[in-house]
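Summary of the model geometry
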Amino acid sequence: MSRDSILQAVREATRTNPIQSVKPTHFDTMIYDRENLLSVYTQYQKANMAHLITTTKDSLVNSINEIIKECDIKELLCAKNIANMKDSIMQSLETQTLLYDTSVDSMRDKLFSIEASILHAQVGVANLGIVGLGTNECNPRLASLVVKTCIILLHKDSIVPNLFSAFKILKTSGQDSNLPTNIVFLAGPSRTADIELQTVFGVHGPQNVYVVLYE
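The following paragraphs examine the structure supplied in this document. None of the values given here were measured: they were computed from a predicted structure. (Residues numbered from 1 in each chain as written. Predicted model: local features only at pLDDT ≥ 70, side-chain atom pairs only at ≥ 80, totals over all residues. Heavy atoms only, no water.)

**Details of the overall build of the protein**
This is how the line gets drawn: The helix count covers DSSP runs of H or I at least four residues long, the strand count covers runs of E at least two residues long, and both are numbered beginning at the N terminus. The cut-offs for exposure are 20% and 50% of the maximum accessible area for each residue type, with area from a 1.4 Å probe on protein chains only; residues under the lower value are buried, those over the upper are exposed, and the others partly exposed. Whether two residues are in contact is decided by their heavy atoms, any of which lying within 4.5 Å being enough. The charge count treats Lys and Arg as positive and Asp and Glu as negative. His and the chain ends do not count. Here the site of a charge means atom NZ of a Lys, CZ of an Arg, CG of an Asp or CD of a Glu.
Scanning the protein from N- to C-terminus turns up 6 helices and 12 strands. For the protein, the spread of C-alpha atoms along the principal axes amounts to about 65 × 50 × 45 Å. Sorting the 215 residues of the protein into buried and exposed places 40% on the buried side. For the protein, contacts bridging at least 24 residues in sequence account for 71% of all contacts bridging at least 6. A gap of 6 Å separates the mean positions of the 19 positive and 22 negative side-chain charges of the protein.

**Let's talk about the side chain of serine 173**
Going by this rule: The term polar contact refers here to a pair of N or O atoms within 3.5 Å; inside protein, the definition further demands a hydrogen-donor-capable atom paired with an acceptor-capable atom, and it admits residues adjacent in sequence only when both atoms are side-chain atoms.
With respect to the helices and strands, serine 173 occurs in the loop between helix H6 (163–170) and strand E9 (182–186). At a separation of 2.6 Å, a polar atom in the side chain of serine 173 contacts the main-chain carbonyl oxygen of leucine 170. Setting aside residues up to four positions removed in sequence, serine 173 forms contacts with Gln122, Gly134, Asn136, Asn178 and Pro180.

**With respect to the packing of aromatic side chains**
Test applied: The criterion for an aromatic pair is that two Phe, Tyr or Trp rings (for Trp, the six-membered ring) have centres within 6.5 Å, with stacked assigned to planes under 30 degrees apart, edge-to-face to planes over 60 apart and tilted to the rest.
In the structure shown here, the tally under the stated rule is 1 aromatic pair. Ring centres of phenylalanine 167 and phenylalanine 185 lie 5.4 Å apart, and the angle between their planes is 75°; on these two criteria the pair is classed as edge-to-face. Here phenylalanine 185 lies in strand E9 and phenylalanine 167 lies in helix H6, a separation of 18 residues in the sequence. Exposure remark for phenylalanine 167: the relative accessible area of 37% places this residue in the partly exposed category.

**Some words on the nonpolar core**
For the record, the criterion: Each nonpolar core is a collection of buried residues, namely Ala, Val, Leu, Ile, Met, Phe, Trp, Tyr and Cys, held together in the definition by side-chain atoms within 4.5 Å.
One finds Tyr41, Leu119, Val131, Ile152, Leu154, Ile159 and Val211 to be the most contacted residues of the largest nonpolar core, which totals 28 residues. Sorting the residues of this core by element identifies helix H2 (37–47), strand E2 (75–79), strand E6 (130–135), strand E7 (149–155), E9 and strand E12 (208–214) as the ones contributing at least two each. For valine 211, the residues in contact, after removing those within four places along its chain, are Tyr41, Gln45, Ala50, His51, Leu52, Ile53, Val131 and Ile152. By size, the runner-up hydrophobic cluster in this structure holds 20 residues, among which are Ile73, Ile89, Met90 and Ile118.

**Digging into the side chain of threonine 55**
In this structure, threonine 55 sits in the loop between strand E1 (51–54) and helix H3 (60–71). Side chain to side chain, threonine 55 and serine 63 meet in a polar contact 3.0 Å long. Ignoring anything within four residues of it in the chain, the contact list for threonine 55 reads Leu60, Ser63, Lys156, Val212, Leu213, Tyr214 and Glu215.

**Section: the sheet that holds E9**
Basically, it comes down to this: Only strands joined by at least two bridges in the DSSP assignment are considered to pair. Think of each axis as a best-fit line through the C-alpha atoms, taken over the contacting stretch in the case of a helix, with angles from 0 to 180 degrees between the N-to-C directions.
In spatial order, the strands read E8-E5-E6-E9; together these 4 strands make up an open sheet with mixed pairing. Looking at strand neighbours, the two that pair on one side only are strand E8 (159–160) and E9, the edges of this open sheet. Note: strand E5 (residues 123–125) against E8, 2 bridges, orientation parallel. Bridging from a neighbouring strand, valine 125 pairs with valine 160 of E8. Those strands touched by H6 are E5, E6, E8 and E9, and its axis lies near 140° from that of E9.

**Focus on the sheet that holds E2**
Read from one edge to the other, the open sheet built from 6 strands follows the order E1-E12-E7-E4-E2-E3, with strand pairing classed as parallel. Among the strands making up the open sheet, the edge pair consists of E1 and strand E3 (96–100). Neighbour-to-neighbour, the strand axes of the sheet open up by a mean angle of 20°, direction not taken into account. Where E2 and strand E4 (residues 116–120) come together, 3 bridges link them in parallel fashion. Residue pairing across strands places cysteine 78 opposite isoleucine 118, the latter belonging to E4. Seen against the sheet, H2 touches E1, E7 and E12 and runs at an angle of roughly 170° to E12. Against the sheet, H3 contacts E1, E2, E4, E7 and E12, and its axis sits at roughly 165° relative to E12.

**Some points on the pattern of salt bridges**
Operational definition: Salt bridges, as used here, are contacts in which a Lys or Arg side-chain nitrogen is within 4 Å of a carboxyl oxygen on Asp or Glu.
According to the stated counting rule, one finds 8 salt bridges in the structure shown. In this structure, aspartate 4 engages arginine 3 in a salt bridge whose closest nitrogen and oxygen atoms are separated by 4.0 Å. The partner of lysine 110 in a salt bridge is glutamate 75, with the nearest N and O atoms 3.1 Å apart. Of this pair, lysine 110 sits in helix H5 (residues 108–111) while glutamate 75 is found in strand E2, placing the two residues 35 residues apart along the sequence. Take glutamate 75: its relative accessible area is 12%, and that puts it in the buried class.

Take a look at the structure:
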């Protein structure tokens, strides 16, 4: 059977038996303070061993520069959504910056040798203490994976109760409000205890994760 005949058969089948739309429902059975999501998120994010910093929009650059100084960051990989912020912060950062605006192949040598990155998450999940982002050209997936230190900006108003609420936002975060190529959730520094039950950081991702909450 040829490819065209297979596709034609699929089209005929969908016309004869249309797929019914489904409206998923979710019952959140976890016990937490739903009236104070910021407090819940803060508690669980710290439990996930991320460095949590609370600041204001006016002090955002100062807070990031303190991290740069503390970690002695010589160069910082910036996702495009950092450069696209209404009040651009890249020019005020006290280190050399590299904008992640080209393909992996064109900047492979630089990408896999840089020590730190900064990106902006779309959501924070309160009852798990994690941040979520839909990857695209403005928020590349590798920006949170190939560095030793990852700085994640998160607006306080972007905190949602649970994963179901987060997916509702992230599933339309791709180009033209479509499904993104990947949806990534970050809890804190990468760690594993596969070898002799000894916890090792940075095996599958960053050793240090800083979440900067701002309003």
